[in-house]
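Chain residues, written in single-letter form:
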Amino acid sequence: MADDASDILEALIGGDSLSAPEYEALLVGRETLQARAAEAANELRLRYFGNKIYIRGLIEFTNYCRNDCMYCGIRRSNPNVERYRLTSEQIYECCEFGYGLGFRTFVLQGGEDGWFNDDRLVEIVSEIKSRYPDCAVTLSVGERSRESYSRLRSAGADRYLLRHETANDWHYSQLHPSGQRLSSRLRCLKDLKELGFQTGCGFMVGSPYQTLGHLAEDLTFIRSFCPAMVGLGPFIPHCDTPFRDLPCGDIELTLFLLSLVRLTLPKVLLPATTALATLDPKGRIRGILSGANVVMPNLSPFDIRKKYLLYNNKAGTGTESAEGIRQLSEELGSIGCEIVVDRGDALT
Ligand code: 5AD
């Protein structure tokens, strides 16, 4: 094991795989390593993706949720949420609008809503795939049975996002009620991958009770699971959750983690998330310069966006929205990047 943090970073850049204590040493030494990590991560992004940034149209189609995650604004026990479900037609309209703007991936994200059973979701996925055969469909609808995932995959869903949230059992139990288990989350991720989904995991930075040791475990988990996508953004408190008074995740640490993920999995699809853009108006650009290569503007109908608040002050207009795509293009142009009209599949 290399002992000096900058030697460890150079080993990672050189392609070595790191242990959890080595990742932790990098996190501890972040301040002096961040610029070098970002530079190397950005280089990798350019090597594999050139100046191309992939866009995904995010459709938040239901905010009903059976789960009660302590951090999440749409948790079951929050009575102050005005619950909604989009109709199938509304979902197709979002796709049509997005297609016209150049989106070739639609991400259907929602709470774990029993109304959207397999039959209903299968029909929606099949319909989108038949209307837009040149588009990818990503699902982000939480934990389901292997059988359910298999049906969704057969219906044509290409990708699935399911953040693992934390790879540490104890930490997981601090973030979720006792009925929700890390082991079942990991079972889902394994099933999704085996069924041939391009699978994404991920976690929040600065979630309550998180230590640098936990983040190091997240990184070794990501290295061994080898997902096609990794979603990571800062924790931001929501006023109607038990974590309402806790501080936001650190922006610099989030950027450093983006770089470490890029260095660990050079070809990974890595979004600069809305949560990052919410805390920092330059979050998207800074995320990309730290190694991210994907952005996910909001394609949901305008009037429901304020009802899908996982955290407070969520960015949903300007460059965070599909309508803001031109502004986003300009912003990306300022760092020499461009949006591509492309499904943006995982590299093999
Ligand atoms: N702050 C930041 N991210 C959050 N998420 C949920 N609640 C919050 C919050 N308060 C993230 C979780 C989830 C994803 C859809 O959004 O990681 O998996």
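Scroll up to find the structure this text is about.
Below: a short report on this structure. Just so it is clear, the structure is predicted and the values come from calculations on it, not from any experiment.

The rules behind the values
Residues numbered from 1 in each chain as written. Predicted model: local features only at pLDDT ≥ 70, side-chain atom pairs only at ≥ 80, totals over all residues. Heavy atoms only, no water. Salt bridge = Lys/Arg side-chain N within 4 Å of Asp/Glu carboxyl O. Helix = DSSP H or I, 4+ residues; strand = E, 2+ residues; numbered from the N terminus. Buried < 20%, exposed > 50% of the residue type's maximum accessible area, 1.4 Å probe, protein only. Arc of directions from axis to C-beta. Pairing = 2+ DSSP bridges. Right-handed = clockwise from strand over helix to strand, strands pointing away. Contact = heavy atoms within 4.5 Å. Polar contact = N/O pair within 3.5 Å; in protein donor to acceptor, adjacent residues only side chain to side chain. Axes fitted to C-alpha atoms, helices over the stretch in contact; angles between N-to-C directions.

**Structural notes on the pattern of salt bridges**
- Throughout the structure, instances matching the rule amount to 26 salt bridges.
- Across the pair Glu60 and Lys314 runs a salt bridge whose closest N-O atoms are separated by 2.6 Å. You can see Glu60 sitting in strand β2 (residues 57-62) and its partner Lys314 sitting in the loop between β8 (294-295) and α13 (325-333), a full 254 residues away along the chain. For the pair Glu60 and Lys314, a shared accessibility class is recorded, and that class is buried.

**Quick notes on helix α2 (residues 20-28)**
- Considered for burial, the residues of α2 that qualify are Glu22, Tyr23, Leu26 and Leu27. Angular distribution of buried residues about the axis of α2 spans 145°; they occupy a single face of the element.

**Observations regarding the pairing of strand β4 (residues 136-140)**
- Counted residue by residue, β4 has five buried out of five residues, so it is predominantly covered.
- Residues of β4 alternate between two faces, with Ala136, Thr138 and Ser140 on one and Val137 and Leu139 on the opposite face, all of them buried.
- Sheet topology places strand β3 (residues 105-110) next to β4; five bridges connect them, and they run parallel. Within β4, the residue paired with Gln109 across the bridge is Ser140.
- Once the chain exits β3 it traverses helix α5 (residues 118-131) before rejoining the sheet at β4, and the crossover so formed is right-handed.
- Note: β4 against strand β5 (residues 159-161), two bridges, orientation parallel.

**Description of the environment of Asp113**
- Along the chain, Asp113 turns up in the loop between β3 and α5.
- Sequence spacing of Asp113 and Thr348 is 235 residues, and the spatial spacing of their C-alpha atoms is 33 Å.
- For Asp113, the residues in contact, after removing those within four places along its chain, are Thr62, Tyr64, Arg66 and Arg85.
- Engagement of the side chain of Asp113 in a polar contact is seen with the side chain of Thr62, the distance being 2.7 Å.
- Within the local environment of Asp113, its side chain forms a polar contact with the backbone nitrogen of Trp115, the two atoms lying 3.0 Å apart.

**Thoughts on the sheet that holds strand β9 (residues 338-340)**
- Taken in spatial order, the three strands make up an open sheet running β8-β1-β9, and their pairing is parallel. The strands lining the two open edges of the sheet, one partner per strand, are β8 and β9.
- Where strand β1 (residues 52-55) and β8 come together, two bridges link them in parallel fashion. Among the inter-strand pairings, Tyr54 is bridged to a residue of β8, identified as Val294.
- Seen against the sheet, α13 touches β1, β8 and β9 and runs at an angle of roughly 130° to β9.

**Description of helix α6 (residues 146-154)**
- The complete set of buried residues in α6 reads Ser148, Tyr149 and Leu152. Here the buried residues of α6 occupy an arc of 100° about the axis, which is enough to place them on one side. Turned more than 90 degrees away from the buried face of α6 sit Glu147 and Ser154, all of them exposed.
- Residues of α6 that are buried make contact with α5, β4, β5 and α8 (182-194).
- Gly156 sits one or two positions beyond α6 and adopts a positive phi of about 115°.

**Some details on the sheet that holds strand β6 (residues 198-205)**
- Taken together, six strands build an open sheet; the order of strands is β2-β3-β4-β5-β6-β7 and the sheet is parallel. Two strands close off the open sheet at either side, each with one partner strand: β2 and β7 (229-234). Taken over all neighbouring pairs, the strand axes of this sheet differ in orientation by 20° on average, direction set aside.

By themselves, these figures tell us nothing about what the structure is for.
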